[in-house]
Amino acid sequence: MATGQPIKMYLTIFVATTCIYMVLYQYHVSRQPMPQVEFLKAPPPPPPPLYIITPTYKRAEQLAELTRLGYTLKHVPNLLWIVVDDANHTSPLVIETLNRIGVPYEYFLAPMPEIYKHTKKAKPRGVSNRNRGLDYIRANATDGVLYFADDDNTYDISIFDQMRYTKKVSMWPVGLVTKFGISTPIIRNGKIVGFYDGWIGGRKFPVDMAGFAVSVKFLHERPKAKMPYKPGYEEDGFLKSLQPLPLTEIELLASNCTEILTWHTQTKKNANATALNTNVHGGTNLVQLDKYLVRA
Ligand code: UDP
Ligand code: MN
C-alpha cells in the first residue's frame, strides 16, 4: 500500500465530519428563537395625567414649603403642578424655586379678593388660587385627575398613583385634622356610612382638602363647579357643586380608607426676618442670603 493513501483517507474523513458538524450547527442555530430586541417593543402607554393645584402665598415659610412639596411631587410621573400664588405680582423667588426643583409646572397669580382680606373673621384661604387652577384645567385638560395639594401638608407618594384612576371622585383619610387626629369617611362593609371629623358643622361632605381627588372628565360634566369663599365650607361647597354625587359612587382609596397617606401637617408660623443692617454686613454673603428671606 502506498504511504500517501491513509493520510488521504484520514483527511477525507476529517473534512466530511467537519462538513456534517457545520451543517448540523447551522440547522441548530436556525431553530433558535430570535433574541428579544427590547427597544423595538412599543413602550407602555403613560398613566393618566395628574393636575396638582397648590395654593401658596408670600410669607417666611413659602420657599421652604414649596421645596418640600416639590421634591415629593418629583417622584410622581406624568404630573403637572399648578402653583397659584395669592399675590398681585409674580415672585421671582418662587419661579426660581420651581425651576430648581424641576417638576413640570404652571405658575399663576390669583389674589384673594380685597373684601375678604380685611375681615376680622376667618378668611377663605387659598380659594381664589384653587378656582384659578380649576379654570386652567377646564381650558387645557381633557382627561386625568385633579387634586388640591396645599403647600403645608405631607403626602405619601403612593396616594398619587392611587388617585390617578379616579372615575368621578375618590376619597381617603387625612391625618392631623381636628381633635380626632383624622378626618375620614366611615366605612362599614365597604360602604360610606358617615364621616369622622372633629367638626361636622352641618356639612354634607365633612372632609379635608387633602382627602379627595376629582376626575377631569367629571369636572367637565359640571361646568359650574367651583369653590365658595366660605371659610370652613370650601371642601363641602366644592363637592356639593359637583352634585349629583351619590356617596355610593365615591371611590375609596388607601385600602378602603384604612391607611393614612396624607397629613394636614401645618407649619409653625415664623415672623418676618428683621431687616439686614447693611452698614454692618455690607459686602458679605448676608447681602445675597437676604434676597432669599421672604417677608410678607
Ligand atoms: N393660602 C393662600 N393665601 C392665604 C393663606 C393661605 O393662598 O392668605 C394658601 C396656603 O399656602 C395653603 C392653603 O391656602 O396652600 C391653605 O392655607 P392654610 O394652610 O393657611 O389654611 P388651613 O390649611 O389651616 O386651612
Ligand atoms: Mn394648611
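See the structure printed just above.
Described in the following lines is the structure provided in the data block. It should be emphasised that the depicted structure is a prediction, and the values quoted were computed from it without experimental measurement.

## With respect to the overall build of the protein
Link 1 in the chain: Along the protein, the regular secondary structure elements total 11 helices and 12 strands.
Link 2 in the chain: For the protein, whose C-alpha radius of gyration is 31 Å, the value lies well above the compact-globule estimate of 19 Å for 296 residues.
Link 3 in the chain: Taken over the C-alpha atoms alone, the protein extends approximately 125 × 65 × 35 Å along its principal axes.
Link 4 in the chain: Considering the protein as a whole, with its 296 residues, one finds that 40% of them fall into the buried category.
Link 5 in the chain: Sequence separation of 24 or more characterises 72% of the internal contacts of the protein that already satisfy a separation of 6 or more.
Link 6 in the chain: Taken together, the 34 basic and 25 acidic charged side chains of the protein have centroids lying 2 Å from each other.

## Examining the packing of aromatic side chains
Link 1 in the chain: Evaluation of the coordinates by the stated rule reveals 11 aromatic pairs.
Link 2 in the chain: Here the aromatic rings of Tyr116 and Tyr229 are separated by 4.7 Å at their centres, their planes lie at 10°, and the arrangement is stacked. Remark: Tyr229 occurs in the loop between α7 (216-220) and α8 (234-241) and Tyr116 occurs in helix α4 (residues 114-117); sequence separation between them is 113 residues.
Link 3 in the chain: Ring plane angle 75° and centroid distance 5.2 Å describe the contact between Trp199 and Tyr233, whose orientation is recorded as edge-to-face. Residue Trp199 is found in the loop between β9 (191-196) and β10 (212-215), and its partner Tyr233 is found in the loop between α7 and α8; the two are separated by 34 residues along the sequence.

## Considering the pairing of β10
Each regular strand carries side chains that alternate between the two faces of the sheet.
Link 1 in the chain: Alternating residues of β10 divide into Phe212 and Val214 and Ala213 and Ser215, and every residue in both groups is buried.
Link 2 in the chain: As paired elements, strand β4 (residues 145-148) and β10 share three bridges and run antiparallel to each other. Counted as the bridge partner of Tyr147 is Ala213 from β10.
Link 3 in the chain: Pairing analysis gives three bridges linking strand β6 (residues 169-171) to β10, with the strands arranged antiparallel. Considered in β10, the bridge of Val169 is made with Val214.

## Details of the coordination of the manganese ion (ligand 2)
Link 1 in the chain: Protein coordination of the manganese ion (ligand 2) is provided by Asp152 (OD) and Asp152 (OD), with donor distances spanning 2.2 to 2.8 Å.
Link 2 in the chain: Within the secondary structure, Asp152 is located in the loop between β4 and β5 (154-155).

## What to know about the site of ligand 1
Link 1 in the chain: Taken together, 15 residues are adjacent to ligand 1, and Pro55, Asp86, Asp151, Asp152 and His264 come closest.
Link 2 in the chain: One of the backbone nitrogen or oxygen atoms of Thr56 is found 3.3 Å away from an oxygen atom of ligand 1.
Link 3 in the chain: Within the side chain of Asn129, an N or O atom sits 2.9 Å from an oxygen atom of ligand 1.
Link 4 in the chain: For ligand 1, whose accessible area on its own is 510 Å², the fraction buried by protein is 84%.
Link 5 in the chain: Counting residues per element, the ones that place at least two in the shell around ligand 1 are β1 (50-56) and α5 (127-140).

## Thoughts on a nonpolar patch on the surface
Link 1 in the chain: Taken together, the side chains of Ile7, Leu11, Phe14 and Val15 make up a nonpolar region of the molecular surface, amounting to roughly 420 Å² of accessible area.
Link 2 in the chain: Counting through the fold element by element, Val15 comes out in helix α1 (residues 4-31).

## Concerning the side chain of Asp197
Link 1 in the chain: Counting through the fold element by element, Asp197 comes out in the loop between β9 and β10.
Link 2 in the chain: A polar contact is formed between the side chain of Asp197 and the side chain of Ser183, at a distance of 2.7 Å.
Link 3 in the chain: Setting aside residues no more than four positions away along its own chain, Asp197 makes contact with Val177, Thr178, Phe180, Ile182, Ser183, Arg203 and Pro206.

## Thoughts on the nonpolar core
Link 1 in the chain: Core analysis: the biggest nonpolar cluster contains 35 residues, and Ile137 and Phe238 have the highest contact counts within it.
Link 2 in the chain: Broken down by element, the residue count for this core peaks at four residues, all from α5.
Link 3 in the chain: Sequence-distant contacts of Phe238, that is, excluding residues within four places in its chain, are made with Leu134, Phe148, Phe212, Val214, Leu219, Ala225, Lys226, Met227 and Pro228.
Link 4 in the chain: Leu93, Val94, Leu261 and Val294 belong to the second-largest nonpolar core, a separate cluster that totals 32 residues.

## Considerations on the pairing of strand β2 (residues 79-85)
Link 1 in the chain: Most of β2 sits out of view: seven of its seven residues are buried.
Link 2 in the chain: Residues Leu79, Trp81, Val83 and Asp85 of β2 are buried on one face, and the alternating residues Leu80, Ile82 and Val84, pointing to the opposite face, are buried as well.
Link 3 in the chain: Examined bridge by bridge, β1 and β2 share seven bridges and lie parallel to one another. In the strand pairing of β2, Thr56 is matched with Asp85.
Link 4 in the chain: In this view, the connection linking β1 to its parallel neighbour β2 by way of helix α2 (residues 62-73) has right-handed handedness.
Link 5 in the chain: For the segment spanning β2, helix α3 (residues 92-101) and strand β3 (residues 105-109), crossover handedness is right-handed.

Definitions and limits used
Residues numbered from 1 in each chain as written. Chains lettered and ligands numbered in written order. Predicted model: local features only at pLDDT ≥ 70, side-chain atom pairs only at ≥ 80, totals over all residues. Heavy atoms only, no water. Helix = DSSP H or I, 4+ residues; strand = E, 2+ residues; numbered from the N terminus. Rg over C-alpha atoms; globule rule 2.2 N^0.38 Å. Buried < 20%, exposed > 50% of the residue type's maximum accessible area, 1.4 Å probe, protein only. Contact = heavy atoms within 4.5 Å. Lys, Arg positive; Asp, Glu negative; His and termini not counted. Charge placed at Lys NZ, Arg CZ, Asp CG, Glu CD. Phe/Tyr/Trp six-rings, centres within 6.5 Å; stacked < 30°, edge-to-face > 60°. Pairing = 2+ DSSP bridges. Donors = N, O, S within 2.8 Å, 3.2 Å for Na, K, Ca; no water. Near = heavy atom within 4 Å. Polar contact = N/O pair within 3.5 Å; in protein donor to acceptor, adjacent residues only side chain to side chain. Areas by Shrake-Rupley, 256 points an atom, 1.4 Å probe, with all protein chains shown as cover. Patch = residues over 30% accessible without salt bridge, like charges linked within 9 Å, V, L, I, M, F, W, Y side chains within 5 Å. Salt bridge = Lys/Arg side-chain N within 4 Å of Asp/Glu carboxyl O. Core = buried A, V, L, I, M, F, W, Y, C linked by side-chain atoms within 4.5 Å. Right-handed = clockwise from strand over helix to strand, strands pointing away.

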